[in-house]
Amino acid sequence: MSRSRRFLDACESGRGDGIKLNDQRGDRRKIFLDHEISQLTKIRSNLHDRMRQLLLHGKGKEPVSPVKMLAAREGNYSGRGRFSSSDCCHILTRYLPTNGPSVVDQMRSCAYVSQFSTDGSLFVAGFQESHIRIYNVDQGWKIQKDIRAKHLRWTITDTSLSPDHRFLVYSSISPIVHIVDVGSGMKQSVANVTEVHEGLQFSSPTDDDDYTFGIFSVKFSTDGRELVAGSSETSIYVYDLEAKRLSLQIPAHMSDVNAVCFADETGHLIYSGSDDSLCKVWDRRCFGTRGQAAGILIGHLEGITYIDTRGDGRYLISNGKDQAIKLWDIRKMSSNINYSPRSRSYDWDYRWMDYPEHVRNKRNPHDLSLATYKGHSVLRTLIRCYFSPAHSTGQKFIYTGSSDSSVYIYDVVSGAQIAELDYHQEPVRDCNWHPYYPILVSSAWDGIVANWEFPGTGTSSLPVKPRARRYRQS
């Protein structure tokens, strides 16, 4: 039986254990995002106008049955002989990766990082005890490369695959980022034993101590020629891989820079998020003359744990220790770059304390965000959030890990919680959605890398839940 046939046959089947799935149709009435991005999302993920006119006749409501859509395509009712990209997204957004999970791998240490390659053929998982594993997704999650890291201090903090999948960089609480040749024939890659893990120095030549600061976030540029990184030294760095040197260092924030990324494929704009509760936008084209941020995004009450770009140079989301994800439009950013967040009037540390109830519904009076998404928990570690893939979902959803051991999926436009994936016993620090297929992988502090799918394999693959274990705080 073909893959597509199995996919369609499973559309009406029951969902796996451990999933709380909400009815999207009931949530459509609760539209809380009245902004351009709402229309852009609908254009990408709703029926094409011609298909809508043919199937709904201006009277019915979406979503439309996939059977009717397939019949219309086979009959060439639209005159195009195929689905548009929005038609494809309209179908795929009905079948979320919520079945399972099956266990991809289980290690004895906390899993910190999950990342698919841009084409979805590879998957990277980073663990606390020096391990990074690269799995070949197309070959049944076979381990393609098993990397033992060098100069590790506490944990792997981040990894990034180059766009051509040839190289991987990894960071730790150290100013040195290491780069590994993924394309070599060596499966076991032990740093400077079986393979050379070249060290890229992000510290000043005058710094004698190898641990003057740590790198919390590192990302390749779209062309693979540069890296951008954020550090505990409050700075942002841009590293030129061809010249093998730092090309830019920015004293960017007043506290740790936990997250950085390039805004789009041009590489001109950089987004950063910090423990000072601010997101900032940096324009490299004018930084040389201005020497300061292009603008700031005010709204979070606590530090930023992660940011993700929509890839269009306009929109981004951020996860915050105030237990909220915020959606931003950089065209609404403040030019008051000297803005200083007000100090909190209570003692709280997210690493070992619950978030105070009396501030849970508090709002920043200067909030510039477009929307706020709540329901998940951001405690103990730097929890990550993302837009869902453009190809299969039209970026209709936002999803995030959570310290309550689950993965949460929200609707961008309605703000509704669409699903909660519950299996892990410890915080889910990272999770990643396959760029093309309904597959989502979560990695947690219980050491488990779990694979959620739709429709799944057709057999129950849910393992017995592991016993909870205690971990040091990070």
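Nothing here was measured: the structure is a model prediction, and the numbers come from that model. (Residues numbered from 1 in each chain as written. Predicted model: local features only at pLDDT ≥ 70, side-chain atom pairs only at ≥ 80, totals over all residues. Heavy atoms only, no water.)

## Things to note about the sheet that holds strand E20 (residues 304–309)
Convention followed: Strand pairing requires that DSSP identify at least two bridges connecting the strands. Strands are runs of DSSP state E lasting at least 2 residues, helices are runs of H or I lasting at least 4, and numbering of each runs from the N terminus. Fitted lines through C-alpha atoms give the axes, limited to the stretch in contact for helices. The angle between two N-to-C directions lies from 0 to 180 degrees.
Strand order in the open sheet formed by 4 strands is E20-E21-E22-E23, with antiparallel pairing between adjacent strands. Every other strand in the sheet has two partners, leaving E20 and strand E23 (371–374) as the edge strands with one partner each. Strand-to-strand twist of the sheet, defined as the mean angle between neighbouring strand axes without regard to direction, takes the value 20 degrees.

## Quick word on the pairing of strand E13 (residues 226–231)
Convention followed: Here the term buried applies to any residue with accessible area under 20% of the maximum for its type, exposed to any over 50%, and partly exposed to those in between, with areas from a 1.4 Å probe on protein chains only.
Taken across its 6 residues, E13 has 6 buried, putting it largely inside the fold. Sheet topology places strand E12 (residues 215–220) next to E13; 5 bridges connect them, and they run antiparallel. Bridged to phenylalanine 220 within E13 is leucine 227. Here E12 folds back onto E13, and the loop between the two strands holds 5 residues, one of which, glycine 224, carries a positive phi near 75 degrees. In terms of strand pairing, E13 meets strand E14 (residues 235–240) through 5 bridges, oriented antiparallel. When the sheet's bridge partners are listed, glycine 230 is paired in E14 with isoleucine 236. Counted along the chain from E13 to the antiparallel partner E14, the turn is 3 residues long, and its residue threonine 234 has a positive phi close to 70 degrees.

## Re empty space enclosed by the protein
Under the convention used in this document: Definitions used throughout: a 1 Å grid over protein atoms alone; a cavity as a set of points that fits a 1.4 Å probe which cannot get out; a pocket as an open set with protein on both sides within 12 Å along at least five of seven lines; a lining residue as one with an atom within 4 Å of a point. Grid points are joined across faces, edges and corners, and a volume is the space filled by probe spheres set on the points. Ten residue types, Ala, Val, Leu, Ile, Met, Phe, Trp, Tyr, Cys and Pro, are classed as nonpolar, four, Asp, Glu, Lys and Arg, as charged, and the remainder, Gly among them, as polar.
Throughout the structure, instances matching the rule amount to 1 cavity of 30 Å³ or more. Of the voids in this model, the largest cavity is the one considered here, and its volume is about 50 Å³. If you go around the largest cavity, the residues you meet are Leu92, Thr93, Tyr95, Leu96, Pro97, Ser392, Thr393, Trp433, Tyr436, Tyr437 and Pro438. The residue makeup of the lining of the largest cavity, split by class, is 8 nonpolar, 3 polar and no charged.

## Structural notes on the nonpolar core
Selection rule: Put simply, buried Ala, Val, Leu, Ile, Met, Phe, Trp, Tyr and Cys residues joined by side-chain atoms within 4.5 Å make one nonpolar core.
One finds Tyr271, Ile307, Leu316, Tyr399, Ile409, Trp433 and Leu440 to be the most contacted residues of the largest nonpolar core, which totals 33 residues. Membership of the second largest hydrophobic core comes to 17 residues, among which are Val124, Ala149, Leu161 and Val182.

## Some points on the sheet that holds strand E28 (residues 428–433)
What the 4 strands build is an open sheet, ordered E2-E30-E29-E28; its pairing is antiparallel. Every other strand in the sheet has two partners, leaving strand E2 (99–106) and E28 as the edge strands with one partner each. Neighbour to neighbour, the strand axes of the sheet diverge by 20 degrees on average, direction disregarded. Alignment of E2 against strand E30 (residues 448–453), held across 5 bridges, turns out to be antiparallel. Its bridge partner being in E30, glutamine 106 is matched across the sheet by isoleucine 448.

## Points about helix H5 (residues 66–74)
Quick reminder of the rule: The arc in question is formed by the directions pointing from the helix axis toward the C-beta atoms. In this analysis, two residues are considered to be in contact whenever any of their non-hydrogen atoms come within 4.5 Å of each other.
Here H5 has its buried residues at Pro66, Met69 and Ala72. The buried residues of H5 all sit within an arc of 120 degrees when viewed along its axis, so they share a single face. Those residues of H5 that are exposed and angled more than 90 degrees off the buried face are Val67, Lys68 and Glu74. Summarising the contacts, the buried residues of H5 are in contact with helix H4 (49–56) and helix H6 (85–92). One or two positions beyond H5, positive phi appears at asparagine 76, with a value near 55 degrees.

## Considering unusual backbone geometry
The omega torsion of the bond from glycine 100 to proline 101 falls at 5 degrees, within 30 degrees of zero and hence cis. With respect to the helices, strands and loops of the structure, proline 101 is situated in strand E2. A positive phi angle, close to 70 degrees, is found at threonine 234, a residue other than glycine. Here threonine 234 lies in the loop between E13 and E14. If you check the backbone angles, serine 277 has positive phi at about 80 degrees while not being a glycine. Among the secondary structure elements, serine 277 is positioned in the loop between strand E17 (269–274) and strand E18 (279–283).

## Structural notes on helix H3 (residues 36–45)
Among the residues of H3, Ile37, Ser38, Thr41 and Ser45 are the ones counted as buried. One side of H3 carries all its buried residues, which in axial view fall inside an arc of 105 degrees. If you follow the buried residues of H3, they end up packed against H6, strand E21 (315–320), strand E22 (324–329) and helix H8 (390–393).

## Description of the packing of H3 against H6
Condition: Roughly parallel means an angle under 35 degrees; roughly antiparallel, over 145; roughly perpendicular, 65 to 115; everything else is oblique.
Two elements in contact, H3 and H6, have axes separated by 6 Å at closest approach and are oriented at 90 degrees. Here H6 runs roughly perpendicular to H3, going by the angle between their axes. Two secondary-structure elements touch here, H3 through Ile43, Arg44 and Ser45 and H6 through Ser85, Ser86, Cys89 and His90.

## Brief notes about the pattern of salt bridges
As a reminder, the rule being used: Any Lys or Arg side-chain nitrogen found within 4 Å of a carboxyl oxygen on Asp or Glu counts as a salt bridge.
Following the criterion strictly, the structure yields 22 salt bridges and no others. With its nearest N and O atoms 3.5 Å apart, the salt bridge here joins aspartate 146 to arginine 133. A residue pair is termed long-range when its members are at least 10 positions apart, and aspartate 146 in strand E6 (residues 142–148) and arginine 133 in strand E5 (residues 131–136) qualify at 13 residues. Summarising the burial analysis for this pair, aspartate 146 and arginine 133 share the class buried. For arginine 284, the salt bridge goes to glutamate 226, with nearest N and O atoms at 2.8 Å. Taken as a pair, arginine 284 in helix H7 (residues 284–290) and glutamate 226 in strand E13 lie far apart in primary sequence, 58 residues in all. Since its relative accessible area comes to 26%, arginine 284 is described here as partly exposed.

## Points about the environment of arginine 285
Here is the rule: As used in this structure description, the phrase polar contact means that two N or O atoms lie within 3.5 Å; if the pair is within protein, one of them must be able to donate a hydrogen and the other to accept it, and residues adjacent in sequence are counted only when both atoms belong to side chains.
One can find arginine 285 in helix H7. By relative accessible area, arginine 285 is classed as exposed at 56%. Separated by 3.0 Å, the side chains of arginine 285 and aspartate 283 make a polar contact.

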